[in-house]
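Coordinate inspection notes
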2 protein chains.
Amino acid sequence: MNPTIELLKSHRSIRKFSDRKIPRELLLELIQAGQSAATSNHVQAYSVIHVVNPENRQKIAELAGGQTYIAECSDFLVFCADMKRSTEAAERAGAEVVRGMTEQLVVASVDAALMAQNVAIAAESEGLGLCYIGGIRNNPAEVSEILRLPEHVYPVFGMCIGYPDQNPEVKPRLPVETILKEDYYQDEQDIAQVAEFDKIMNKYYLERTGGNKDTNWSEQLKPLFTSKLRPHMKDFLQGKGFKMQ
Amino acid sequence: MNPTIELLKSHRSIRKFSDRKIPRELLLELIQAGQSAATSNHVQAYSVIHVVNPENRQKIAELAGGQTYIAECSDFLVFCADMKRSTEAAERAGAEVVRGMTEQLVVASVDAALMAQNVAIAAESEGLGLCYIGGIRNNPAEVSEILRLPEHVYPVFGMCIGYPDQNPEVKPRLPVETILKEDYYQDEQDIAQVAEFDKIMNKYYLERTGGNKDTNWSEQLKPLFTSKLRPHMKDFLQGKGFKMQ
């Protein structure tokens, strides 16, 4: 295993950070490493909001469900899917632009994610820790208002970055055979493999909590799908011009 | 700049590959490195189809718009957003599952992208080259049929991987100041910065083609938004159970 693959495999979310600040030059280096990721047709359909204002970070921490590390970490970034810049550039070049296509939602969300993952790896390669914050989609309209996001830009997720002040274990993943399929989608083995994975996760939760958290993967998933998780997303995205046409 | 950041910044798409095959163990290592990426609430909402059958690779190459390297590269992977496995696991655990939410489309597309970007970086760290294939969304229904993708699974993009037989330049990116914004979305500078970037891209295209390709970033974007790019995506996704509710 080469050192880069070792780094990738050692990822875990960090939610407790020291007071040490990331130098501005390093932060720019991370963002530029992010920009080097592949991008659909060179569109670069993303913007990153670096939230510096402490009050805004506090507000976003609350809107994301009380995730205090959003206010505490060295740097908090919001990765936005941005179809504004590229469509306007095409328009200035004389194109009669069509907006609001479902394809554009996919392109911009994927572009933002590829870029962010490069930022994450660059950060970890410098000894920094991070966690993604999907919780900004709990209240995406309010977050968008704080960040003054215009139409055709939406906040996909946030990212807390800083110097780690904790050293959590790496969380197990599904067996690779469950994820990787040859030629066709086959899931005959899924039930058995998930049952096996539930045992692994049960052991993981019990060990981490001194026996207090007796749960597993399937149990942990239940609240995500029983309630309509983030049912506002359709209206929110449509209101932002991602009409999913 | 540490070696990992250097690696990230040296990315360029590879579309010409040598005949050398990637060993199976290395391919598994890449996928496992992919699985180590962050995943929303530990859902791991992805599957990867490793397309081995040469006829199917040929067909997909045609469906993706004649991208012959899909058939020629050592390994061709299709990264799928997969909400089937996790929702069924929650169901077996007793949840009354809600499907088809817009949020689930975002979660699964982002999860697949984060995972794929780790695979990409792991591959490049081993001296491999790759290119993403968004073109499988030209004919996603036909591709899904070939791969026998069930409901709640959709092909987000493909990836060609192999040992490079070309050494293209790194493609320029927008200035970091255009992407990174402090506290608020501001794009007053965008027009000037994009104009500047158009000059850089014009130089890049002219130099690469011995003066034949006199275009720039904005010009290259035009066909992407003038025609309704992939207008079938809404119906396709809804037909696959991603109803965007």
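Here the residue numbering is sequential within each chain, running from 1 through the sequence in written order. Here chains are named by letter from A upward and ligands by number from 1 upward, in the order in which they appear as written. Reporting in this predicted model follows two pLDDT cut-offs: at least 70 for local features of residues, and 80 or more for side-chain atom pairs to be given and counted; totals over whole chains, interfaces and linings ignore these cut-offs and use all residues. Working from all heavy atoms in the structure, the side-chain values ignore hydrogens and water.

Concerning the overall build of chain A
Strands are runs of DSSP state E lasting at least two residues, helices are runs of H or I lasting at least four, and both sets are numbered from the N terminus onward. Scanning chain A from terminus to terminus reveals eleven helices and five strands. Computation of the radius of gyration draws on C-alpha atoms alone. For the globule rule, the value is 2.2 Å times the number of residues to the power 0.38. For chain A, the C-alpha radius of gyration of 20 Å lies close to 18 Å, the compact-globule estimate for 245 residues. With the C-alpha coordinates of chain A rotated into their principal frame, the extents come out at 60 × 50 × 40 Å. Throughout, a contact is declared for two residues whenever any of their heavy atoms are within 4.5 Å. Partitioning the contacts of chain A with sequence separation of at least 6, the portion at a separation of at least 24 is 78%.

Points about the sheet that holds strand β1 (residues 46-51) of chain B
Strand order in the open sheet formed by five strands is β5(A)-β1(B)-β2(B)-β4(B)-β3(B), and the pairing between neighbours is mixed. With partners counted over all chains shown, the strands left at the sheet margins are β5 (180-182) of chain A together with β3 (129-133) of chain B, one partner each. In this sheet, adjacent strand axes meet at a mean angle of 25 degrees when their direction is disregarded. Bridge count for strand β2 (residues 75-82) of chain B against strand β4 (residues 153-162) of chain B is eight bridges, and the pairing is antiparallel. Considered in β4(B), the bridge of B:Asp75 is made with B:Ile161. Note on definitions: angles span 0 to 180 degrees between N-to-C directions of axes, and those axes are lines fitted to C-alpha atoms, for helices only across the stretch in contact. Packing of helix α6 (residues 102-125) of chain B onto the sheet brings it into contact with β1, β2, β3 and β4 of chain B, and relative to β4(B) it is tilted by some 10 degrees. Here, a strand pair is defined by DSSP locating no fewer than two bridges between the strands.

Concerning the side chain of A:Glu124
Positionally, A:Glu124 belongs in helix α6 (residues 102-125). Residue exposure (1.4 Å probe, protein chains only): buried if accessible area is under 20% of the type maximum, exposed if over 50%, otherwise partly exposed. His is not counted, nor are the chain ends, whereas Lys and Arg count as positive and Asp and Glu as negative. One speaks of a salt bridge when a side-chain nitrogen belonging to Lys or Arg is within 4 Å of a carboxyl oxygen belonging to Asp or Glu. Buried A:Glu124, no salt bridge; nearest opposite-charge side chain is A:Arg12, N-O distance 5.8 Å.

Considering the relation of the copies chain A and chain B
Between chain A and chain B, the superposition needs a rotation of 180 degrees and an axial shift of 0.0 Å, giving an RMSD of 0.0 Å. In short, the pair behaves as if placed about a two-fold rotation axis. A shared interface surface links the copies, since 100% of the contact residues of chain A are contact residues in chain B too. Superposition of the copies was done by least squares, using only C-alpha atoms of residues whose pLDDT is at least 70 in both.

Section: the UniProt feature "domain: Nitroreductase" (unreviewed entry) in chain A
UniProt positions are given in the numbering used here, feature names are shortened, and annotations may be inferred rather than shown by experiment. Mapped onto the present numbering, the UniProt feature "domain: Nitroreductase" (unreviewed entry) falls at residues 9-163 of chain A. Taken end to end, residues 9-163 of chain A comprises 43% helix and 19% strand; its first and last C-alpha atoms sit 19 Å apart.

Considering the sheet that holds strand β2 (residues 75-82) of chain A
Read across the open sheet, the five strands follow the order β3(A)-β4(A)-β2(A)-β1(A)-β5(B); overall the sheet is mixed. The outermost strands of the open sheet, each flanked by one partner alone, are β3 (129-133) of chain A together with β5 (180-182) of chain B. Direction aside, neighbouring strands of the sheet carry axes that sit 25 degrees apart on average. The pairing of strand β1 (residues 46-51) of chain A with β5(B) spans three bridges and is parallel. When the bridges of β5(B) are listed, A:Ile49 appears paired with B:Lys181. In the packing of helix α5 (residues 84-92) of chain A onto the sheet, the strands contacted are β1, β2 and β4 (153-162) of chain A together with β5 of chain B, and the crossing angle to β2(A) comes to about 45 degrees.

Concerning the side chain of A:Ser218
Note on placement: A:Ser218 falls in helix α10 (residues 217-226). Taking the relative accessible area as the measure of exposure, A:Ser218 reaches 5% and is therefore buried. Beyond its immediate stretch of four places on either side in the chain, A:Ser218 contacts A:Val194, A:Asp198, B:Ala89, B:Ala90 and B:Ala93.

Looking at the interface of chain A and chain B
In this complex, chain A contributes 117 residues to the contact, which on the side of chain B involves 117 residues. Defined here as a combined quantity, buried area equals the accessible surface (1.4 Å probe) lost by two parts on assembly, summed across both. With both chains or domains summed, chain A and chain B bury close to 10,100 Å², and 63% of this area falls on carbon and sulfur atoms. Applying the counting criterion to the chain A and chain B interface returns ten salt bridges. Among the ionic pairs, A:Glu29 bridges to B:Lys9, the shortest N-O distance being 3.2 Å.

Details of the pairing of β2(A)
All names here are of chain A. With eight of its eight residues buried, β2 lies for the most part within the structure. Of the two faces of β2, both are covered, the one formed by Asp75, Leu77, Phe79 and Ala81 as well as the one formed by Phe76, Val78, Cys80 and Asp82. Bridge count between β1 and β2: six bridges; the pairing is antiparallel. Along β2, the bridge assignment pairs Ser47 with Cys80.

Topic: the pattern of salt bridges
When the charged atoms of two side chains with opposite charge come close together, those side chains can pair. This structure, assessed with the given rule, holds 26 salt bridges over all chains. Close ionic contact of A:Lys84 with B:Asp187 constitutes a salt bridge, the shortest N to O distance being 2.5 Å. A residue pair is termed interchain when its members come from two chains, as with A:Lys84 in helix α5 and B:Asp187 in the loop between β5 and α9 (190-208). Relative accessible area serves as the criterion here: at 14%, A:Lys84 is assigned to the buried category. Via salt bridges that share partners, A:Asp82, A:Arg85, B:Lys181 and B:Asp190 belong to a single interconnected network.

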